Amino acid sequence: MKSKKEKHPAKRSLWFKCFKVILLPFIRKPRFVYLGEQFADKALVISNHIGAKAPLTFELYFPKLFRFWGTYEMNSSLKEVYKYLSEVYYGRKKHWNIVASKLFCLIAAPLAYLFYRGLKLISTYPDYRFKNTLKETVKTLEYDCNIIVFPEDSSNGYFDEITEFFAGFITLAKYCYRQGMDLPIYVTYLRRKEGVYVIDKPIKTSELLATGLSKYELAEKLRNRCNELGAISLEEFENQNN
């Protein structure tokens, strides 16, 4: 249970809020298109990634309190952040020349190190430590926050059509359900060329579990829906609702 003396886990510090003002001219506000209800105060939100584009858009313009899930390397030491950015993010995912990546990250890593801490990321792990991710997430949800997850497999880069969703967010939804939280899950898709964030109708965790599908099948089901949001005719939808 939360204590009145505890610091709110999702509220950004004053220095970080001031820092974000610098980013506003570079990340334009998208048009949010809701196919159903607007965001709840306590929910699980999943989205495509598009490198740093989607996370920064959420950070600057998301209308609710929230925390991101992020790989544990981003919450590690400066040395680990440098290694992650130069070898994994820019080297493998963004396909930069490794020499250029390492030189660039001499400047980028210290800034990213501070920025990641300002984001108050919840670290995710590929091993037994994932239980810590689940516990911290539940504690955050007790403060009526959203949890934003980018579950796509981006090991080979970021693509408009997502090829795979990792199933960790389904494990989270099940874990929360056992804790008495029937979270609504919002599937979202940032259409970068149009500057539009499409927000699907939320689906309750209980509704997903009632299908009897495995966590991998559920992740695949939501991956397909995410891709559909990137392709549907928004003009047709908006005409139907006018």
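Residues numbered from 1 in each chain as written. Predicted model: local features only at pLDDT ≥ 70, side-chain atom pairs only at ≥ 80, totals over all residues. Heavy atoms only, no water.

Side note on the pattern of salt bridges
- The full count for this structure, using the stated rule, is 12 salt bridges.
- Here Glu220 ties to Arg223 by a salt bridge, and the two come within 2.6 Å at their closest N and O atoms. Of this pair, Glu220 and Arg223 both sit in helix α8 (residues 215-229), three residues apart, which is roughly one turn of the helix.
- Under the relative-accessibility criterion, Glu220 is labelled partly exposed at 35%. (Salt bridge = Lys/Arg side-chain N within 4 Å of Asp/Glu carboxyl O. Helix = DSSP H or I, 4+ residues; strand = E, 2+ residues; numbered from the N terminus. Buried < 20%, exposed > 50% of the residue type's maximum accessible area, 1.4 Å probe, protein only.)

Structural notes on the layout of surface pockets
- Empty space within the second largest pocket amounts to approximately 180 Å³.
- Lining the second largest pocket are 13 residues, with Asp160, Tyr189, Leu190, Arg191 and Gly230 sitting closest to its centre.
- Examining the composition of the lining of the second largest pocket, we find that three residues originate from one element, strand β6 (residues 184-191), more than from any other.
- The class makeup of the residues in the lining of the second largest pocket is four nonpolar, three polar and six charged. (1 Å grid on protein atoms, 1.4 Å probe; cavity = no way out; pocket = protein on both sides within 12 Å on 5 of 7 lines; lining within 4 Å. Points joined across faces, edges and corners; volume = space filled by probe spheres on them. Nonpolar A, V, L, I, M, F, W, Y, C, P; charged D, E, K, R; others polar.)

Quick look at the packing of helix α1 (residues 14-23) against helix α2 (residues 53-61)
- In the contact formed by α1 and α2, the axes pass within 11 Å of each other and the chain directions differ by 120 degrees. Here α2 runs oblique to α1, going by the angle between their axes. The handedness of the crossing between α1 and α2 is left-handed. Two secondary-structure elements touch here, α1 through Phe16, Lys20 and Leu23 and α2 through Leu56, Glu59 and Leu60.
- Across the contact of α1 with α2, the residue classes tally to four nonpolar, no polar and two charged. (Axes fitted to C-alpha atoms, helices over the stretch in contact; angles between N-to-C directions. Parallel < 35°, antiparallel > 145°, perpendicular 65-115°, else oblique. Left-handed = near helix turned anticlockwise from the far one by under 90°. Contact = heavy atoms within 4.5 Å.)

Focus on the environment of Ser101
- Among the structural elements, Ser101 can be located in helix α4 (residues 98-119).
- With 89 residues separating them along the chain, Ser101 and Leu190 place their C-alpha atoms 26 Å apart.
- Apart from the residues within four sequence positions on either side, Ser101 is in contact with Leu85, Ser86, Tyr90, Gly91 and Trp96.

A short note on helix α5 (residues 130-141)
- Across its 12 residues, α5 extends 17 Å between first and last C-alpha, which sits within 8% of the 16 Å expected from 1.5 Å per residue.
- Taken together, the buried positions of α5 are occupied by Phe130, Thr133, Leu134, Thr137, Val138, Thr140 and Leu141. Buried residues of α5, viewed axially, fall in a sector of 160 degrees; they line one side.
- Here the buried face of α5 lies against β2 (43-47), β3 (66-71), β4 (122-124), β5 (146-149) and α6 (168-178). (Expected span 1.5 Å × (residues − 1). Arc of directions from axis to C-beta.)

Focus: the packing of aromatic side chains
- Applying the stated criterion to the full structure yields 23 aromatic pairs.
- Ring centres of Phe16 and Phe115 lie 5.1 Å apart, and the angle between their planes is 50 degrees; on these two criteria the pair is classed as tilted. With Phe16 in helix α1 and Phe115 in helix α4, the pair connects residues that are 99 residues apart, well separated along the chain. When sorted by exposure, Phe16 lands in the same class as Phe115, which is buried.
- An aromatic cluster is defined as three or more aromatic residues linked by ring pairs; in this entry it consists of Phe32, Tyr34, Phe39, Phe58, Phe62, Phe66, Phe68, Phe150, Tyr186 and Tyr197.
- A cation sits over an aromatic face here: Arg12 above Phe66, 4.7 Å from the ring centre. (Phe/Tyr/Trp six-rings, centres within 6.5 Å; stacked < 30°, edge-to-face > 60°. Lys NZ or Arg CZ within 6 Å of the ring centre and 35° of its normal.)

Digging into the packing of α1 against α4
- Closest axis-to-axis distance for the α1/α4 pair is 10 Å, and the angle between their directions is 115 degrees. Where α1 crosses over α4, the two elements pack in a sense that is left-handed. Facing α1, whose interface residues are Trp15, Phe16, Phe19 and Leu23, α4 presents Leu114, Phe115, Gly118 and Leu119.

A short note on empty space enclosed by the protein
- A complete count under the given rule lists one cavity of 30 Å³ or more for this structure.
- Here the largest cavity defines a volume of roughly 40 Å³.
- In terms of lining, the largest cavity is formed by Asn48, His49, Ile50, Glu152, Tyr158, Phe159, Asp160 and Arg192.
- A class-by-class count of the residues in the lining of the largest cavity yields three nonpolar, two polar and three charged.

Describing the nonpolar core
- Core analysis: the biggest nonpolar cluster contains 38 residues, and Phe58, Phe68, Leu85, Tyr116 and Ile148 have the highest contact counts within it.
- Excluding its chain neighbours within four sequence positions, the residues that come into contact with Phe58 are Val45, Ser47, Phe66, Phe68, Ile148, Phe150, Thr188 and Tyr197.
- Counting residues in each nonpolar core, the second largest holds 35 residues, with Val138, Cys176, Val196 and Ala219 among its members. (Core = buried A, V, L, I, M, F, W, Y, C linked by side-chain atoms within 4.5 Å.)

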